[in-house]
Amino acid sequence: MFTSYGFVGFLLAVFVLYYILPKRFQWGLLLIANFAFYYTAGKIYPLFILATALTVYVAGRLMGRQDEVLAAYNEKIKNGEMKKPSREEKKAYKKQINAKKKRVMLLCLFFNLGILAVLKYTNFVIQNVNSVMEMAGKDGFSYMDLVLPMGISFYTFQAVGYLLDVYWNKCEPQKNVFKFLLFVSFFPQLIQGPISRYSDLSKTLYEKHSFDWKQVRFGLERILWGYFKKLVVADRISAAVVALMGDPEYYTGAFVIVGMLFYAIQLYADFTGGIDITIGIAQVFGIRLEENFIRPFFSKNIAEYWRRWHITMGTWFRDYVFYPFSISRPLKNITTFCKKHFGMTVARRAAVYISSVIVWLATGIWHGAAWNFVAWGLTNGVIILISEELTPLYERFHKAFPTLTASTFYRGFQVIRTFSLMCCIRLFDNYGSVRITCKQFVRMFTRFDLSAVTKQEFLDLGLGMKDYAIVAMGVLLMFVVSMWGRNGSVREKISRKPYIIRYGIYVLLFFAVLLLGNYGVGFDAQQFIYNQF
């Protein structure tokens, strides 16, 4: 939707009204814009986001009220307005208040995650049940025609994060229901994130913003750069990716490596381009969103890669799944059992490893209702855990060869190794099938024939030499910009350039998008890859 002419017109209209209207109406205009945007995506979609926002808002207020009751109780004791209770009585009263909060939190959590689970995973469950029943010679169930609202995984996680933060007293509940609706439904984030924390986004979301040309210019630059990545690079190379992955029997062996590389380019340009547009739109309105990528392809191991790629999703799973599970009572019982029977070494790892597997299983399922995503998530988790176990060995190697491991050559090797591993893991996403992925991974070595990858084969993928030249130019430009941004903001650096150079860059980038962008039917670009989540 971001790349349609209709959306550009919509954004321009909201931008003009935003700075014309009195500042006290700015957040209200954004709320109206949110639901107008979401309504155009699907007429019943707003009902789902309203259900999530209103239930979480009410739950937050109810939990906040229990905190107020506890605070009033303590204040009365402090002021001598009631008889001072014993330590046990005070503890019991606090436990009673926390139990009420927990019931509210769990009910709201189950309701909203239940909506997500039913809409996104019901047919996946039916599919697997039918497979079992088919083996038993019985008829299966019919699939359900369910609506999957755009961005449901993103806005649900954002709302659930707020719910848990209020429950843990990390933030105060929002008292204005319309402001909370704005937080959950902020339209630039609905397509593919980032997943914002209330404590972060609320700092600028509700403020009164005066027109600031520097911030608006920076926002427009970021939007333009996102369009370049999406339209010029990602959408242009997508035809080749579809061809390579659509016929695994023909495009095998060395073509698997070509497909991995092409898909890595497409996914990076598509996802980071969309995030650039999102963050740029927010900045135009004076609102700050968290960064979601920090040069992930420069990572030296997979754990580091996931600290740089889709950052807000990773931190969400860390803070709201990993930490709570790792200190939960069942995990403590497992740790105690392991300590008693297997020693402290195993006990220390038990909770961390079990929580890690749960997190990566959940991460895979979050990406899609299919076994290839489950395998994708678990493979990431297993490799990270193996790497963690091998850390002492790595450290001994670094001590034994300090000159080698400190060299640029070795760091380059680590980067290439990590990139290659991630490309291999991403084959589960490429082919959408665990069976085909495993076959293609093996064939990549057993049927490797570089001579088969000819110029004509590349041309048969649906791209001409001009297309490959444009993609290569785009990849090179993304690399240069990424390297340039390692020690400071690229936009700040451009702003310090002479007027002619600065605006020359803007004009060149604008015409590159206009003239080189790959437009589909009706001049609407393809949907973003992460729309499906």
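Before any of the text, the structure's been laid out above.
No experiment lies behind these values; they were computed from the predicted model shown. (Residues numbered from 1 in each chain as written. Predicted model: local features only at pLDDT ≥ 70, side-chain atom pairs only at ≥ 80, totals over all residues. Heavy atoms only, no water.)

Whenever I open this one, the packing of helix α12 (residues 329-342) against helix α13 (residues 344-367) confuses me. Can you help?
Packed helix pairs are specified by the crossing angle of their axes together with the interaxial distance, meaning the distance between the axes. Where α12 contacts α13, the axes come no closer than 7 Å and their chain directions differ by 150°. Comparing the axis directions of α12 and α13 gives the class roughly antiparallel. For the element pair α12 and α13, the recorded crossing hand is right-handed. Residues Leu 331, Ile 334, Thr 335, Cys 338, Lys 339 and Phe 342 of α12 touch α13, and the partners they reach there are Met 344, Val 346, Ala 347, Ala 350, Ala 351, Ile 354 and Ser 355. (Axes fitted to C-alpha atoms, helices over the stretch in contact; angles between N-to-C directions. Helix = DSSP H or I, 4+ residues; strand = E, 2+ residues; numbered from the N terminus. Parallel < 35°, antiparallel > 145°, perpendicular 65-115°, else oblique. Left-handed = near helix turned anticlockwise from the far one by under 90°. Contact = heavy atoms within 4.5 Å.)

Looking at this model, I keep getting lost on helix α2 (residues 26-41). Mind explaining?
Each full turn of the α-helix corresponds to 3.6 residues, which orients residues three or four apart in the same direction. The first and last C-alpha atoms of α2 sit 23 Å apart over 16 residues, in line with the 22 Å expected at 1.5 Å per residue. Taken as a whole, α2 has its buried residues at Gln 26, Trp 27, Leu 29, Leu 30, Leu 31, Ala 33, Asn 34, Phe 35, Phe 37 and Tyr 38. Its buried side turned inward, α2 meets α1 (5-20), α3 (45-79), α5 (152-167), α6 (177-185) and α7 (198-205). (Expected span 1.5 Å × (residues − 1). Buried < 20%, exposed > 50% of the residue type's maximum accessible area, 1.4 Å probe, protein only.)

For this particular structure, what's the right way to read the state of the cysteines?
In protein chemistry, a disulfide is the covalent bond that joins the sulfur atoms of two cysteines. Applying the stated criterion across every chain, the model contains zero disulfides. The thiol sulfur of Cys 423 is not disulfide-bonded, and the nearest other cysteine sulfur, from Cys 424, lies at 7.0 Å. The class for Cys 423 is buried, based on a relative accessible area of 3%. (Disulfide = S-S within 2.5 Å.)

Explain the packing of aromatic side chains to me, please; I cannot follow it from the model alone.
A ring pair, where both rings are aromatic, is described by two values, the distance of the centres and the angle of the planes. For the structure on display, the rule yields 57 aromatic pairs. With a centroid separation of 5.9 Å and an interplanar angle of 40°, the aromatic rings of Phe 180 and Phe 183 are classed as tilted. Of this pair, Phe 180 and Phe 183 both sit in helix α6, three residues apart, roughly one helical turn. We note that Phe 180, like Phe 183, is buried. Ring geometry for Phe 183 versus Tyr 198: centroids 5.2 Å apart, planes at 85°, classification edge-to-face. Taken together, the positions of Phe 183 in helix α6 and Tyr 198 in helix α7 put the pair 15 residues apart, joining distant regions of the chain. The class for Phe 183 is buried, based on a relative accessible area of 0%. Members of the aromatic cluster, connected to one another through ring pairs, are Tyr 268, Phe 271, Phe 293, Phe 297, Tyr 305, Trp 306, Trp 309, Trp 360, Trp 376 and Phe 419. (Phe/Tyr/Trp six-rings, centres within 6.5 Å; stacked < 30°, edge-to-face > 60°.)

Just to check I follow, could you spell out the pattern of salt bridges for this structure?
Opposite charge on two side chains makes pairing possible when the charged atoms of those side chains draw close. Enumeration according to the criterion identifies 17 salt bridges in this entry. Taking the shortest distance from any N to any O, the salt bridge between Glu 304 and Arg 308 comes out at 3.0 Å. Linking Glu 304 with Arg 308, this pair stays in helix α10 (residues 302-308), spanning four residues, or about one helical turn. As far as the burial class goes, Glu 304 and Arg 308 line up, both buried. The closest approach of N and O atoms between Arg 318 and Asp 319, which form a salt bridge, is 2.8 Å. For Asp 319, a relative accessible area of 14% translates into the label buried. Linked by salt bridges that have partners in common, Arg 222, Lys 229, Asp 276 and Glu 291 make up one network. (Salt bridge = Lys/Arg side-chain N within 4 Å of Asp/Glu carboxyl O.)

Got a minute to help me understand the environment of Met 144 in this structure?
In this structure, Met 144 sits in the loop between α4 (87-135) and α5. As a C-alpha pair, Met 144 and Asn 123 span 21 residues in sequence and 6.5 Å in three-dimensional space. The residues touching Met 144, leaving out its near neighbours within four places in the chain, are Thr 122, Asn 123 and Ile 126.

Which parts of the structure should I look at to understand the nonpolar core?
Within soluble globular proteins, side chains that are nonpolar generally end up buried alongside one another. In terms of nonpolar packing, the biggest core is built from 123 residues, with Phe 183, Phe 262, Ile 281, Phe 285 and Trp 306 touching the most fellow members. What Phe 262 contacts, discounting residues up to four positions off in sequence, is Ile 237, Ala 240, Val 241, Leu 244, Phe 458, Leu 461 and Tyr 468. (Core = buried A, V, L, I, M, F, W, Y, C linked by side-chain atoms within 4.5 Å.)

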